[in-house]
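Here are the chains, one letter per residue:
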Amino acid sequence: MGSHSQQDSLPTPRNDAGRRGLEAIIAHPEQAVIGLDFDGTLAPIVPDPEQARAHPDAVPAMSALAPKVRSVAVITGRPADLAVRYGGFADAPGLEHLVVLGHYGAERWDAVTRAVQAPPPPPGVAAVRTELPGLLEALGVSRGTWIEDKGRAIAVHTRRAEDPEATLEMLRAPLAELAGRHGLIVEPGRLVLELRPPGMDKGMALTEYVREVGAGAVLYCGDDLGDLPAFGAVEKLRGEGVPGLLVCSGSSEVPELAGRADVVVDGPAGVARFLAALAGRLG
């Protein structure tokens, strides 16, 4: 954790690259892209993913920050319209130019048009949708697992199982085999394995968006293994001369992310406080 200043309550990044990133955002906010994951970052993790909602302080903080920066983009594995609905983003003042990149960037919702742009889902997803319930039944885990149909991807959650970690480990190989048979990949997360099409991740989505809007600085905040590619993208952009700041929505479940972050905050409530403090610092 960085130390907090009494004046602005912004944590101090724990390394030079992070400090340069934060300084660049503060010096030229009109050039900054703020990239945010949804689940675990803006919304608390809940046992039933359909019950996930943005933290009550998240949208007000985003609304305060968005008019002061070049762009705020939510980058999520969820379908874009679902993230918009669960986040309550559509009618939020200040978020008139919000962009939501869903399905790791394969989908795009724009607040200006309120429309989702997306290619048709690959046929492998439909095949997995059909076969998965029988596979979980055969493995004896259908009672404790939860299938989330994301349209372009299928996720299997084990948070409700009697032994969530052991169930997740037991499912890794069978789900990898099922995914591979239908041209999909498995994306691991916090007590979830997601079967989805290859070729897009949050790092690619963030990089493409930063280049599209010509950003001069970038911040990315995430909480899970699926956010590691976005962290990698910020590190690569730093090497290309674009200052960046990495923020982890702190969780003991994913130490890999916390270890690479410049700033660690305390979950979605901490993310909301950080965004509000940044908005305040930008005047």
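An account of the accompanying structure is given in this report. (Residues numbered from 1 in each chain as written. Predicted model: local features only at pLDDT ≥ 70, side-chain atom pairs only at ≥ 80, totals over all residues. Heavy atoms only, no water.)

Our focus in this paragraph is the sheet that holds strand β10 (residues 217-222). The strand order across the open sheet built from eight strands is β5-β4-β3-β2-β1-β10-β11-β12, with neighbouring strands paired in mixed fashion. This sheet does not close on itself; its edge strands, each paired only once, are β5 (115-117) and β12 (263-265). Direction aside, neighbouring strands of the sheet carry axes that sit 20° apart on average. Inspection of the sheet shows strand β2 (residues 71-75) paired to strand β3 (residues 99-102) by three bridges, in the parallel sense. Bridge pairing in β3 links V74 to V100. On top of the sheet, helix α1 (residues 16-27) reaches β1 (32-36), β10 and β11 (244-249); it is set at about 105° to β11, its chief contact. Running at roughly 130° to β3, helix α3 (residues 80-87) makes contact with β3, β4 (107-110) and β5 of the sheet. (Pairing = 2+ DSSP bridges. Helix = DSSP H or I, 4+ residues; strand = E, 2+ residues; numbered from the N terminus. Axes fitted to C-alpha atoms, helices over the stretch in contact; angles between N-to-C directions. Contact = heavy atoms within 4.5 Å.)

The next thing to look at is the pattern of salt bridges. Scanning the model with the defined rule gives 19 salt bridges in all. A salt bridge links R78 to E148; its shortest N-O distance comes to 3.3 Å. Highlighted residues: R78 in the loop between β2 and α3 and E148 in strand β6 (residues 146-149), separated in sequence by 70 residues. The pair R78 / E148 is uniform in exposure class, with both members buried. R211 is the salt-bridge partner of E240, the closest N and O atoms lying 2.8 Å from each other. Within this pair, whereas E240 is found in the loop between α7 (228-239) and β11, its partner R211 is found in helix α6 (residues 202-213), the two being separated by 29 residues in sequence. For R211, a relative accessible area of 52% gives the class exposed. Three or more residues are tied together by salt bridges with common partners; here these are D37, K202 and D227. (Salt bridge = Lys/Arg side-chain N within 4 Å of Asp/Glu carboxyl O. Buried < 20%, exposed > 50% of the residue type's maximum accessible area, 1.4 Å probe, protein only.)

As a further point, take unusual backbone geometry. Phi is positive for H103, close to 50°, though the residue is something other than glycine. Take H103: it is sitting in the loop between β3 and β4. You can call H103 buried: its relative accessible area is 6%. Positioned with a positive phi, L191 is a non-glycine residue whose angle comes to about 55°.

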